[in-house]
Amino acid sequence: MRFEPSQKNFLRRFFIWLGPLLVLLVLTVSGFLYWLLSTETGAQWLIRTAAHQLDGESRDIRGNIWEGLQVGSFEANLPDTSISLSNLALRVDWKALWNSQLHVHELSVDRLSLRLDGESEPDGEPFKMPALPVSIQIDRLALGELNLVQQGEPLPITVADLVGDLTLGDNQGIAHIHHLDVGYEEIHAQAQATVVLDAFEAPWPMSAELQVKAYGTNADSMLCADRYLPGLNVSTPKEVVPSGPASTPASASATPPLETGQGEADFAELEQLIEETNTDEQYCAFSLQTTVQGSLDSLQVALAGEGQGISINGKLNAAPTAAFPLRDTQIAIRLGEDTALEVDLDWAQEIIDGTAFDRVRGSLHSKNINVGALLADESLPAVISADGTYDVLLSEGFTPRTLKLDLDIAEPTSWNQQTLAGHARVDLDLHEVEAGVPFWLGYILNDSDVSLRLGSNLVELKGKLGQSDDQLTINIDAPALAQVSEALSEIGALNAGGTVSGSILRHVVDLNVEYALTPENTGTVGEGKVEAAVQASGEFRPASDSQPAQWKGSVSELVVNHAGIAVAALGPFDLSLALPTPDKGLSLSVAPLRLQTSLDNQNWFVLDHGGSSYDDEGWQTQGSIDPIAIAPARIALLRKKLGMDEVQEQQGGVKDRRTAPAPLADLVIGLDWNLSFKQALAGTLNVKRISGDIMVPAEPAFPLGLNDLFLTVKITPGSGSNSQVNASLVAETQEMGRIEGKVESILRYSADRSFHVLESDIIQANLKADIDDLGWTSLFLGDAMELGGTLDADLNLELRTNGDFTSQGHIRGDNLRLTRLDDGIRLLDGTLEARLDNDVFVLDRLYFPAVLRVEPKEWRTATWVSEDPDAQGGSLTLTGQWNLRESTGQFVADLHRYPILQRADRYAMVTGKLNANIVLPHIALSGKIVADAGWFNLDMLGGSRLSMAILSFYGQEKP
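Summing up its helical and strand segments, the protein chain has 8 helices and 52 strands in all. Considering the protein chain as a whole, with its 959 residues, one finds that 33% of them fall into the buried category. Across the protein chain, every contact between residues at least 6 apart in sequence was considered, and the portion connecting residues at least 24 apart equals 48%. Put simply, the protein chain shows about 56000 Å² of open surface, and 56% of that area lies on carbon and sulfur atoms.

And the structure:
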């Protein structure tokens with residue numbers, strides 16, 4: 001090539017001016033790299049700068065990167081991840097990079113702490129090892145202690161004293177773990193392993209060997225098998241405990257060593273702990289050896305374990321990536337001399353109609369397996385000895401397509417300290433079903449013979465189920481369910497028997513059940529037996545675009561009897577049950593039906609059920625009861641069956657049969673309802689009198705004289721889950737008057753409290769009473785006092801569930817009379833004015849005028865009270881108030897010339913004022929009363945005779 005003069009001048013100027021600058025730049029970069037790699041100062045600057053960029057810090061950096069580096073501590077904080085390590089030692093043969101090899105003589109860390117707070121996201125693609133530009137060889141990989149915290153929860157096990165080496169070459173990796181300590185609660189384990197990976201991609205061909213020795217640090221360790229299987233030789237001579245790993249501590253190196261190794265110290269501490277807790281210098285131990293050969297397509301595993309009188313031997317072939325990962329498997333477990341468990345599994349692929357299925361078959365043998373002791377609370381002693389075979393053809397998703405099981409319970413077998421004996425033989429097939437029908441409805445029971453007896457309890461299942469003429473017989477005789485479990489000790493004897501005919505898809509059921517609520521049969525509800533009989537037919541129907549798969553059936557017979565109370569369906573009725581789906585739960589619909597109720601074989605009433613339904617959104621029900629007669633004898637019988645206290649018949653006394661009232665027609669009432677719930681309750685409830693009357697149980701008894709009686713409840717949905725309740729009660733009689741009451745309230749609903757009323761909610765009530773005759777109060781007052789007259793009341797109340805209330809209203813009375821015949825007291829022609837003011841009953845005025853009813857036999861007293869103007873116009877007036885909440889009150893009685901006592905043999909007219917201050921149970925009286933006139937006959941009173949009666953007069957002059 002030939003350069004022109006101008007080109008030569010340019011190149012010469014370039015090298016003269018820029019050449020030295022390039023050389024200087026190369027020397028500067030090389031010097032900087034040399035300073036970073038070969039000097040302690042450079043290493044310190046590099047590591048501290050890196051820690052600062054990662055929002056962390058580092059301390060105690062010694063050595064250099066080229067010859068060997070030691071870092072006392074290093075911390076870094078990444079998003080959702082924190083890393084902390086101490087006493088890092090790194091020695092690398094950097095010269096080996098010329099031969100495409102990264103040769104690490106030592107990489108050791110005393111303590112590594114990782115905190116992972118982020119959520120792990122699964123990778124949809126299988127992992128594949130990226131191509132390595134160089135081979136990697138680590139002569140010594142050591143970790144003194146690992147602390148891992150994920151999502152705030154620490155790793156439940158401890159990992160320490162890891163010593164190993166690692167080689168990663170051309171599509172091959174070899175890892176040796178010379179020593180590893182693992183701890184969990186009171187278990188200490190040592191492990192050694194070798195893993196060879198022949199390719200860094202699926203199916204990951206490999207071979208591995210693993211040896212584990214575990215030791216229980218005291219007798220309460222989970223590893224000590226005699227806690228679960230008493231009688232085993234769990235102790236192992238202490239001398240077999242290895243003295244620790246033969247390798248050096250984690251951070252030992254040719255450079256100045258760091259004091260981090262804990263392998264030998266840990267076992268020294270373990271031996272000391274064993275000596276302190278085991279006086280015979282014995283401890284629990286178990287060793288396990290495992291070899292693995294193959295790949296994720298086909299893996300062969302062999303394991304052998306021994307210790308504490310236990311031996312485990314197993315060989316299994318597996319295909320980890322297959323739907324059913326197990327292949328041929330044999331496992332044998334020996335627990336001492338008299339306990340064993342052997343399981344065999346053979347796998348084969350079976351082609352049916354061009355489709356491949358997994359088929360597993362094998363055998364099971366157990367001898368004296370203490371299953372109950374393996375439970376966490378050790379509350380159910382159970383020792384199982386059994387021999388059996390199985391043959392299962394699996395569809396996709398591990399669904400059994402065919403199942404054959406033949407199991408015999410051998411001696412000795414016990415459950416809950418009760419003898420268990422019997423056998424179970426089942427032959428089951430899965431047939432195709434219509435689209436939209438759950439697969440399990442296609443199962444056909446070709447044959448079954450199950451007979452299991454536990455103590456005095458027997459369960460039998462025999463027959464077939466699948467074809468139209470197949471029949472499965474069920475028999476359960478369980479007089480002592482507590483023998484099955486103590487949790488069933490409160491349940492009485494159970495006896496059930498019957499048949500199921502047809503198939504699971506279309507079937508007929510005939511069952512009889514007898515269940516004892518209590519051993520004693522006293523004829524009281526809640527005690528004795530419950531008997532039920534049901535006959536029904538049904539079928540499952542496939543799902544459609546508008547509705548899910550459902551079961552539809554017809555109940556032809558339904559009878560329930562308990563304590564002489566019977567309920568029986570009058571004719572068949574339909575049921576519909578929609579099966580749950582991922583989007584919708586179970587739903588139920590019951591068609592209209594009629595139920596006949598009876599007491600002691602005597603028909604009572606008929607319930608007309610108009611239909612009910614239930615689903616995820618709520619429920620609905622409606623119906624009515626045919627007129628029901630409230631007969632006293634029937635009510636007494638029902639009270640007896642409900643265990644209510646019976647009214648004791650009067651003992652002694654005088655009964656005047658001449659005044660006994662004529663028998664009344666029974667009170668007949670009707671009831672109907674229409675209620676629904678969908679976020680909130682809604683509907684109506686009505687109770688009404690149709691005919692008849694009731695007898696007031698006074699002495700003597702008298703009819704109430706009902707003309708009308710009805711209760712109406714209306715429930716209206718409000719906002720959210722709240723409802724407005726309006727209830728009205730009306731009772732009207734022929735002679736006693738009319739009472740009308742109304743109640744309004746909010747009814748709330750929540751999932752945790754169901755239906756409820758808050759303390760802040762106001763319950764409003766109104767009571768109107770128009771009483772024509774208060775004579776019915778003798779029912780409560782008795783024979784000594786009689787009350788009469790008319791009463792009119794209009795009261796409004798606002799109540800809360802915590803007991804707070806306010807009230808307003810008035811009470812008026814006319815022609816009131818109060819008599820006490822024995823005392824000669826008669827208050828007649830009274831008037832009443834009273835009211836309610838919040839929690840105070842205010843008696844504005846209770847007035848009785850003086851009425852001369854009896855003329856005294858003593859002539860002077862008779863002349864004065866009947867002729868003297870000053871003795872006329874007398875009265876009794878009562879005023880005051882009563883606090884309903886505090887039960888306190890003040891009353892004033894004002895009497896003027898009032899004949900308080902009028903009898904032929906005694907008489908008293910008084911004037912004065914009395915004040916009563918009442919704070920229950922105390923009553924304080926004050927005031928003054930003087931007698932205007934008085935007289936009594938000593939002969940009538942008894943005692944000494946006088947020649948004349950004693951008279952006292954208080955007035956303007958003595959007559």
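Now that the structure has been shown, we can carry on.
Judged by nonpolar contacts, the single largest core of 22 residues is most densely connected at Leu-832 and Phe-848. Contributions of two or more residues to this core are made by strand E43 (763-771), strand E44 (786-799), strand E45 (805-820), strand E46 (825-837), strand E47 (840-849), strand E48 (875-883), strand E49 (888-903) and strand E50 (906-919). Among the nonpolar cores identified, the runner-up in size contains 13 residues, and Ala-43, Ile-47, Ile-61 and Leu-85 belong to it.

Aromatic ring pairs: the centre-centre distance and the angle between the two ring planes describe each pair. A complete count under the given rule lists 6 aromatic pairs for this structure. Ring centres of Trp-619 and Phe-677 lie 6.3 Å apart, and the angle between their planes is 20°; this geometry places the pair in the stacked category. Separated by 58 residues along the polypeptide, Trp-619 in strand E34 (residues 618-630) and Phe-677 in strand E35 (residues 667-678) bring together distant segments of the chain. Judged by relative accessible area, Trp-619 falls into the partly exposed class, the value being 30%. Note on Phe-677: relative accessible area 10%, which makes it buried. Seen in terms of ring centroids, Phe-677 and Phe-755 are 5.6 Å apart; in terms of plane orientation they differ by 85°. Their pairing is edge-to-face. Of this pair, Phe-677 sits in strand E35 while Phe-755 is found in strand E42 (residues 754-756), placing the two residues 78 residues apart along the sequence. The lysine or arginine in question, Arg-327, covers the ring of Trp-347, its NZ or CZ lying 3.7 Å from the ring centre. Seen from the ring of Phe-805, Arg-885 lies directly overhead, with NZ or CZ sitting 4.9 Å from the centre.

Moving on to the side chain of Ser-58. Residue position: Ser-58 is located in strand E1 (residues 57-64). When its relative accessible area of 12% is taken as the criterion, Ser-58 is described as buried. Discounting residues that sit within four places of it in the chain, Ser-58 has contacts with Ile-47, Arg-48, Ala-51, Ser-73 and Phe-74.

Turning next to unusual backbone geometry. Residues Ala-202 and Pro-203 are joined by a peptide bond in cis, for which omega reads 10°. Among the secondary structure elements, Pro-203 is positioned in the loop between strand E9 (187-197) and strand E10 (206-216). With an omega of -5°, the peptide bond running from Glu-411 to Pro-412 counts as cis. In this structure, Pro-412 sits in the loop between strand E19 (400-409) and strand E20 (414-415). The residue Asp-600 is not glycine, and still its phi comes out positive at about 50°.

To continue, consider the pattern of salt bridges. This model, assessed by the stated rule, comprises 25 salt bridges. Arg-140 is the salt-bridge partner of Glu-106, the closest N and O atoms lying 3.4 Å from each other. Taken together, the residues span a long stretch of sequence, with Glu-106 in strand E4 (residues 101-116) and Arg-140 in strand E5 (residues 135-150) at a distance of 34 residues. The class for Glu-106 is buried, based on a relative accessible area of 1%. A salt bridge links Glu-740 to Arg-738, with the shortest nitrogen-to-oxygen separation between them at 3.7 Å. Given the relative accessible area of 21%, Glu-740 is considered partly exposed. Accessibility expressed as a relative area gives 33% for Arg-738, which makes it partly exposed.

So, on to the pairing of strand E31 (residues 587-590). Here 4 bridges tie strand E30 (residues 573-578) to E31, and the two strands are oriented antiparallel to one another. Following the sheet pairing, Leu-577 is matched in E31 by Leu-588.

Residue pairs spaced three or four apart in an α-helix point in one direction, given the helix's 3.6 residues per turn. What helix H7 (residues 859-867) keeps buried is the set Thr-861, Ala-862, Trp-864 and Val-865. Buried residues along H7 cover an arc of 165° about the axis, so they all sit on one side. Exposed and oriented more than 90 degrees from the buried face of H7 are Trp-859 and Glu-867.

Let us look at the environment of Ser-554. The residue Ser-554 is located in strand E28 (residues 550-562) in this model. What makes Ser-554 partly exposed here is its relative accessible area of 24%. Sequence separation between Ser-554 and Gly-538 is 16 residues; the distance between their C-alpha atoms is 6.3 Å. Ignoring sequence-local partners within four residues, the contact set of Ser-554 consists of Gln-535, Ala-536, Ser-537, Pro-572, Phe-573 and Asp-574.

A few words on the environment of Pro-899. With respect to the helices, strands and loops of the structure, Pro-899 is situated in strand E49. Measuring from C-alpha to C-alpha, the distance between Pro-899 and Asp-932 comes to 9.0 Å, with 33 residues separating the pair along the chain. In this structure, Pro-899 is in contact with Ala-850, Val-851, Tyr-907, Ala-908 and Met-909, ignoring residues within four places of it in sequence.

A cluster of like negative charges, contributed by Glu-735, Asp-770, Asp-772, Asp-792 and Asp-814, occupies part of the molecular surface. In this structure, Asp-772 sits in the loop between E43 and helix H6 (778-781). Overall, the relative accessible area of 40% leaves Asp-772 in the partly exposed class.

Below, the discussion takes up the side chain of Thr-399. Mapping Thr-399 onto the fold places it in the loop between strand E18 (382-394) and E19. On the basis of relative accessibility, which here comes to 15%, the residue Thr-399 falls in the buried class. Sequence-distant contacts of Thr-399, that is, excluding residues within four places in its chain, are made with Leu-393, Leu-394, Leu-430, Phe-439 and Tyr-443.

By the bridge criterion, 10 bridges tie strand E7 (residues 158-169) to strand E8 (residues 172-184) in an arrangement that is antiparallel. Bridge assignment links Ala-160 to a residue of E8, and that residue is Asp-181. Pairing analysis gives 10 bridges linking E8 to E9, with the strands arranged antiparallel. Following the sheet pairing, Ala-175 is matched in E9 by Val-195.

What follows is about the environment of Phe-677. Spatially, the C-alpha atom of Phe-677 lies 9.5 Å from that of Ser-721, the residues being 44 residues apart in sequence. Excluding residues within four positions of it along the chain, Phe-677 makes contact with Glu-617, Gly-618, Trp-619, Tyr-749 and Phe-755.

Take the confidence of the model for the protein chain next. Taken over all residues, the pLDDT of the protein chain has a mean of 80, while the share at 70 or more is 82%. Contacts for the low-pLDDT stretch residues 647-654, under 50 throughout, to residues beyond four places or in other chains number 3 contacts. Here residues 941-959 is a poorly scored stretch, pLDDT under 50, and it has 25 contacts once near neighbours within four places are set aside; other chains count.

This paragraph deals with a nonpolar patch on the surface. Taken together, the side chains of Leu-155, Ile-157, Tyr-184 and Met-222 define a hydrophobic patch exposed on the protein surface, amounting to about 310 Å² of accessible area. Turning to its location among the elements, Ile-157 is positioned in the loop between strand E6 (153-154) and E7. Taking the relative accessible area as the measure of exposure, Ile-157 reaches 31% and is therefore partly exposed.

Thresholds applied
- Residues numbered from 1 in each chain as written.
- Predicted model: local features only at pLDDT ≥ 70, side-chain atom pairs only at ≥ 80, totals over all residues.
- Heavy atoms only, no water.
- Helix = DSSP H or I, 4+ residues; strand = E, 2+ residues; numbered from the N terminus.
- Buried < 20%, exposed > 50% of the residue type's maximum accessible area, 1.4 Å probe, protein only.
- Contact = heavy atoms within 4.5 Å.
- Areas by Shrake-Rupley, 256 points an atom, 1.4 Å probe, with all protein chains shown as cover.
- Core = buried A, V, L, I, M, F, W, Y, C linked by side-chain atoms within 4.5 Å.
- Phe/Tyr/Trp six-rings, centres within 6.5 Å; stacked < 30°, edge-to-face > 60°.
- Lys NZ or Arg CZ within 6 Å of the ring centre and 35° of its normal.
- Salt bridge = Lys/Arg side-chain N within 4 Å of Asp/Glu carboxyl O.
- Pairing = 2+ DSSP bridges.
- Arc of directions from axis to C-beta.
- Patch = residues over 30% accessible without salt bridge, like charges linked within 9 Å, V, L, I, M, F, W, Y side chains within 5 Å.
- Lys, Arg positive; Asp, Glu negative; His and termini not counted.
- Charge placed at Lys NZ, Arg CZ, Asp CG, Glu CD.
- pLDDT = per-residue confidence, 0-100.

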